[in-house]
Structures are given as structure tokens and as C-alpha cells.
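Here is what each chain is made of, one letter per residue.
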Amino acid sequence: MAASWDRRPPAQLTKTREAAVRTQVVDAVAAFSPFWRGRLKALGRTASSVASLSGLASLPAAGERDVCPDGDPAGAAALVLQAGESGYALHAEGPRLRKALSRRLAAPGSYRAIVESDTRPTSYVWAGLGLRFPVASTRSDLDVVARAGARLWQVLGLSRADVVVSALPTLPTATLQALQLGALGAGSPLLAPGQRREQVAAALALVPATVLVVPATGGADLVEALAEGEAALSTLTTVLVAGAPYEDERAELRQVLDDAGLGEVVLLAVHVPDGHRLAWGECRASAGSTGLHTYPDLEVVELVDPDTGEQGSGAGEVVVTQLGMRGSALLRWRTGDLAESVATSACPSCGRTVPRVVGLRRAALVPELALRTGPKAVDLRAVASAVGGRPDVADWRVVMGRSSRDDADELLVHVRPADGADEAEMAVGVARDVRVACGLLPTQVVVGELPAGSGLTRRLLG
Ligand SMILES: [Zn+2]
């Protein structure tokens, strides 16, 4: 008998993953997604050259700016698998195809019905960091999300006896969908009254909640306000922080829980990377110290150099390849999250042999800057590719800083010209390219010596 999903030995896992990558690339994505088909062609790659773990790793990562280069979310439609009846016969899995074909003999319309239920998107969530675009799911995708959700419950140490109240905004996000379908898959009741304190308190008064889900941003304030308002928190055993909290957010929440006399409550992160649909969680045994646990048979998680999007070593941007998902299927998708590492050794706390994403900093590559004109998410990856792609630039640094004048955030681009470059012309060109790439003119383009310092990455300095 095969080992359970989270205890498979490495050799067995590799075999499963190789087969899943092959099926996903050859039978689904390269065959039916206009974007990925076009991208492979543009890169001069065939589907079969990408249809293995090593082939996949050699595919340049892609993100929202590659799909929607001019910022128009309509481009995201090209991600979605679009299967016709004839293509389906060539690519569908054997048992499914046999079922469809045999039904066609008895009921001529049923072949189309089966093709559609297999490949037709029926529900959407919204994603995007620098822009906002819909992510499509088929019925079979929602099934995968629910199955992964039942696993998430295991990782979090929850059971069907747990009662969940979500204080996340009731927007159609992948995180809320993953939690709702996860509760469905695990058999737990879940109430999602929205993020307003009064509504959350009212829901807590209705059910003996054991789990409270709060957003990473503002989660501590919400719990503090609930405690001050004497909301029914005494039955809680677990607080889930949606969105991979930064260390200060986690520490603040811990403090607020301790102050409210809830020192026994376990604090765990859950996170859906942008564009993805499966929620990763921290295992209960680790109390949040060993990283986000992933699903090796349903996704490939890697890190790439955030300045270039290419295969890197060490810390980098989290990229995700979905296995077995249809709808808006993703290959090596750039999530905008940074992470220290993807650990593949067994978890020291729970012993699961699933890859763990350690030290994740959500959306670090698309920070929201408080500009003089208001808040704006700036895609630093777009800035990097605009500046890094210029032949008249030898090297560069991008610095995010605060203006000493009025405390507004600033975006400074430092460039060292290539030999023989016209400095004035280069400075104007860099400013223009950055504006086209991320919709924001740099506060200043500084030509000359590059600043030293540490930051998000080698060239993006905080
Ligand atoms: Zn673990």
C-alpha cells in the first residue's frame, strides 16, 4: 500500500511528481492554455522538454506582468485551459475518456457535458499584486482545493470537532475559498461573518468556536478589540493567521493573546501564495517554527533569483507549479513572496516528508508604498527587469526610502553607466522605462557610485 500523502519516502515521491508534471504539462497546460502554449513557443521549447522536474526547473519563471504586460487583466484569460471536444479526445486521461466515449453511444449530448464538466471554469477568485485579475477553477479544481484543505486540517492539528470562525473580509479570495472548502473537506463547521468586530463577536456568541482566523495585517488589533469587548474567546484553542505573518505581526498577536489570558492558544500561519489556490499551513507540533507545509503531489515549489526570475540558489522568490489543477493553471508562477529556503528534509516537529517553505515574507517584491499621491503597490520585479534590461546600464540598485521632508515613501534608482553611455540620456531612459514597467516615475534616478547596504535582495535595498 502506498504511504499517506505526507509520509512518502523520497523515491516514491519523486516518481509520483515526475508523472504528475508530465500529465500536467503535456495533457493539460501546453495543450489547452493559450498563454503557456504561446510562451513555450516563444522560448523555443516543446512541451516534452518541460515535462519533467528537471525540464520544468529550466523554464524561466513567469508572473502577472508576463500575462498582462500592459496591466490589462484581460490577458489573464489566456492562462485558462480551453479544451474543445476534439482536443479532449487526444489528451484526456484514459478512464475518463472511455467513460465519455461509451456514454456518447447512449446519449449523444453527454460527451460535451463530460468534456465541459472536466474543463469548464465555474468559479473565480481574485488575485494579483500590482494589478487585479480573476483566477478560474473548474469543478475538479474545487475538489482538489477541498482535498488539500482536509490535509491542511491535519497539518494544523484540527479535526471535524473544531468549529471555525473566520474574521477575514468576505471577498472572493483564494484564501477564503481554500478555508471554506477545507472546512468542507474536513467536515468542520466554518462561519465567515466578515472582518467587522461586531460581526465577528456576534458569530462567536452563536457557536463555541475553537478556531479563529484573522488577517496578518490588523489581526492583533482585532483580537485585542474582541478581548476588550468581552467576546466569547474562552473556547479557542487555535488562532490562524492568514497571509503568512511577518515576525512583528506574529509577536504582536502572541502578546495580545497572552494579555487576554489566552496563553494556551496555538498561533499558526496559513497562506495561499498569490495566483495559487491551495493553502499552506504550519504544523501544530512546531507551533509555527518549521515553515509552511506544502503538498508535494499537487504542486512544485521552488525559489528563483528575484532580480532576474532565473534559477537561483539560497533565498529567493517563491514560484509555484500546480499539478492536477485546471482552470487558470500555473507553471513556475512568480508569487511576489520571498522565502529563505524550501526545506525538503522531514519536518523536525511532525516528521512529514513534505517540502516546507521557511522564512516566507509575503508580497515582499510588490510592497505598498505610501507615496505623496496616496498608497500604491509597486512591482519591484518590473522595476528590476526594466533597469536590468538596458544595455547602457552596467549595474544598478533600487532603494526604497522615506523622504526626510514629509515622511512619504520614495523610490530611488541608482545606476552605474556602461562604458561610453550618455549619462543624461540614460537617466531619462531609465525613468521612462520604470514608469512603463510599474506605473510609477522614480523619485530620482541617481547616476554614479552605487549605494551599499542590505535589503530584500542583492539589488533591491530596503
Ligand atoms: Zn511539521
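Bear in mind that the values here come from a model prediction, so they are computed numbers and not experimental data.

1. Thoughts on the coordination of the zinc ion
Argument step 1. All of the protein donors around the zinc ion are Cys283 (SG), His293 (NE2), Cys347 (SG) and Cys350 (SG); their distances to the metal are 2.1 to 2.3 Å.
Argument step 2. Taken in sequence order, the residues that donate to the zinc ion follow the motif C-x9-H-x53-C-x2-C. Linking cysteine 283 in the loop between β8 (280-282) and β9 (292-293) with histidine 293 in strand β9, this pair joins segments that are ten residues apart in sequence.
Argument step 3. For cysteine 283, a relative accessible area of 0% gives the class buried.

2. Concerning the packing of helix α11 (residues 197-206) against helix α12 (residues 219-228)
Argument step 1. It is at 10 Å that the axes of α11 and α12 come closest, and there the two elements cross at 60°. With respect to each other, α11 and α12 are oriented oblique. Handedness of the α11/α12 crossing: right-handed. Contacts between α11 and α12 pair Arg197, Val200, Ala201 and Leu204 from the former with Leu222, Ala225 and Leu226 from the latter.
Argument step 2. Residue composition of the contact of α11 with α12, by class: six nonpolar, no polar and one charged.

3. With respect to the sheet that holds strand β11 (residues 316-322)
Within a beta sheet, neighbouring strands are joined by backbone hydrogen bonds and run either parallel or antiparallel to one another.
Argument step 1. An order of β10-β11-β12 is seen for the three strands of this open sheet, with the pairing classed as antiparallel. Of all the strands in the sheet, the pair left with one neighbour each is β10 (299-304) and β12 (333-339). Here the strands of the sheet are splayed against their neighbours by 30° on average, with no regard to which way each runs.
Argument step 2. With four bridges joining them, β11 and β12 adopt antiparallel strand pairing. Across the sheet, the residue bridging to glutamate 317 is leucine 338, located in β12.

4. So, helix α13 (residues 247-259)
Argument step 1. The first and last C-alpha atoms of α13 sit 18 Å apart over 13 residues, in line with the 18 Å expected at 1.5 Å per residue.
Argument step 2. Where α13 is buried, its residues contact β5 (211-215), α12, β6 (238-242) and β7 (266-271).
Argument step 3. A positive phi of about 75° marks glycine 261, the residue just after α13.

5. Some words on the sheet that holds strand β13 (residues 341-343)
Argument step 1. Taking strand neighbours across the sheet as the criterion, the nine strands line up as β4-β3-β5-β6-β7-β8-β9-β14-β13 in an open arrangement whose pairing is mixed. Both edges of this open sheet fall to β4 (190-191) and β13, since each of them pairs with a single strand only.
Argument step 2. Of the strand pairs in this sheet, β5 and β6 are connected by five bridges, and their pairing is parallel. Note that in β6 the partner of valine 214 across the bridge is valine 241.
Argument step 3. Contacts from α13 reach β5, β6, β7 and β8, with the element oriented near 145° to β7.

6. Quick word on a negative patch on the surface
Argument step 1. On the surface, Asp221, Glu224, Glu228, Glu247, Asp248, Glu252 and Asp259 cluster together into a negatively charged patch.
Argument step 2. Elements that contribute at least two residues to the negative patch include exactly α12 and α13.
Argument step 3. If one sorts the elements of the negative patch by residue count, α13 sits on top with four residues.
Argument step 4. Considering the arrangement of structural elements, one finds glutamate 247 in helix α13.
Argument step 5. Glutamate 247 gets classed as exposed once you look at its relative accessible area, which sits at 73%.

7. A few points about the domain arrangement of the protein
Argument step 1. Considered domain by domain, the protein is made up of domain 1 (18-118) and domain 2 (368-461).
Argument step 2. When each unit is reduced to the centre of its C-alpha atoms, the spacing between domain 1 and domain 2 is 38 Å.

8. Quick notes on the packing of aromatic side chains
Argument step 1. This structure, assessed with the given rule, holds three aromatic pairs.
Argument step 2. Ring geometry for tryptophan 5 and tyrosine 295: centres 5.5 Å apart, planes at 40°, overall tilted. With a gap of 290 residues between them, tryptophan 5 in the segment before α1 (10-32) and tyrosine 295 in the loop between β9 and β10 connect regions that are remote in the sequence.
Argument step 3. The exposure class assigned to tyrosine 295 is buried, which follows from its relative accessible area of 0%.
Argument step 4. With centroids separated by 4.8 Å and ring planes inclined at 80°, the aromatic side chains of phenylalanine 35 and tryptophan 36 adopt a geometry described as edge-to-face.
Argument step 5. In this structure phenylalanine 35 comes out as buried when scored by relative accessible area, which is 12%.

9. A look at the pairing of strand β2 (residues 133-138)
Argument step 1. Counting buried positions over the six residues of β2 gives five, a clear majority of the element.
Argument step 2. The hairpin formed by strand β1 (residues 121-127) and β2 contains five residues between the paired strands, and glycine 128 there has a positive phi angle of roughly 115°.

10. Topic: the pattern of salt bridges
Argument step 1. For the structure on display, the rule yields 22 salt bridges.
Argument step 2. In this structure, the salt-bridge partner of glutamate 410 is arginine 372, at a minimum N-O distance of 3.5 Å. Within this pair, whereas glutamate 410 is found in strand β18 (residues 409-417), its partner arginine 372 is found in the loop between β15 (368-371) and β16 (374-377), the two being separated by 38 residues in sequence.
Argument step 3. For glutamate 410, a relative accessible area of 16% puts it in the buried group.

11. Thoughts on the packing of α1 against helix α2 (residues 34-42)
Argument step 1. For the pair α1 and α2, the least separation of the axes is 5 Å and the interaxial angle reads 90°. In terms of axis orientation, α1 runs roughly perpendicular to α2. For the pair α1 and α2, the contacting residues are Val29, Ala30, Ala31 and Phe32 in the first and Pro34, Trp36, Arg37 and Leu40 in the second.
Argument step 2. Along the lines of polarity and charge, the residues of the contact of α1 with α2 split into seven nonpolar, no polar and one charged.

What counts, and at which threshold
- Residues numbered from 1 in each chain as written.
- Predicted model: local features only at pLDDT ≥ 70, side-chain atom pairs only at ≥ 80, totals over all residues.
- Heavy atoms only, no water.
- Donors = N, O, S within 2.8 Å, 3.2 Å for Na, K, Ca; no water.
- Helix = DSSP H or I, 4+ residues; strand = E, 2+ residues; numbered from the N terminus.
- Buried < 20%, exposed > 50% of the residue type's maximum accessible area, 1.4 Å probe, protein only.
- Axes fitted to C-alpha atoms, helices over the stretch in contact; angles between N-to-C directions.
- Parallel < 35°, antiparallel > 145°, perpendicular 65-115°, else oblique.
- Left-handed = near helix turned anticlockwise from the far one by under 90°.
- Contact = heavy atoms within 4.5 Å.
- Nonpolar A, V, L, I, M, F, W, Y, C, P; charged D, E, K, R; others polar.
- Pairing = 2+ DSSP bridges.
- Expected span 1.5 Å × (residues − 1).
- Patch = residues over 30% accessible without salt bridge, like charges linked within 9 Å, V, L, I, M, F, W, Y side chains within 5 Å.
- Areas by Shrake-Rupley, 256 points an atom, 1.4 Å probe, with all protein chains shown as cover.
- Salt bridge = Lys/Arg side-chain N within 4 Å of Asp/Glu carboxyl O.
- Lys, Arg positive; Asp, Glu negative; His and termini not counted.
- Charge placed at Lys NZ, Arg CZ, Asp CG, Glu CD.
- Domains from an automatic or database assignment.
- Phe/Tyr/Trp six-rings, centres within 6.5 Å; stacked < 30°, edge-to-face > 60°.

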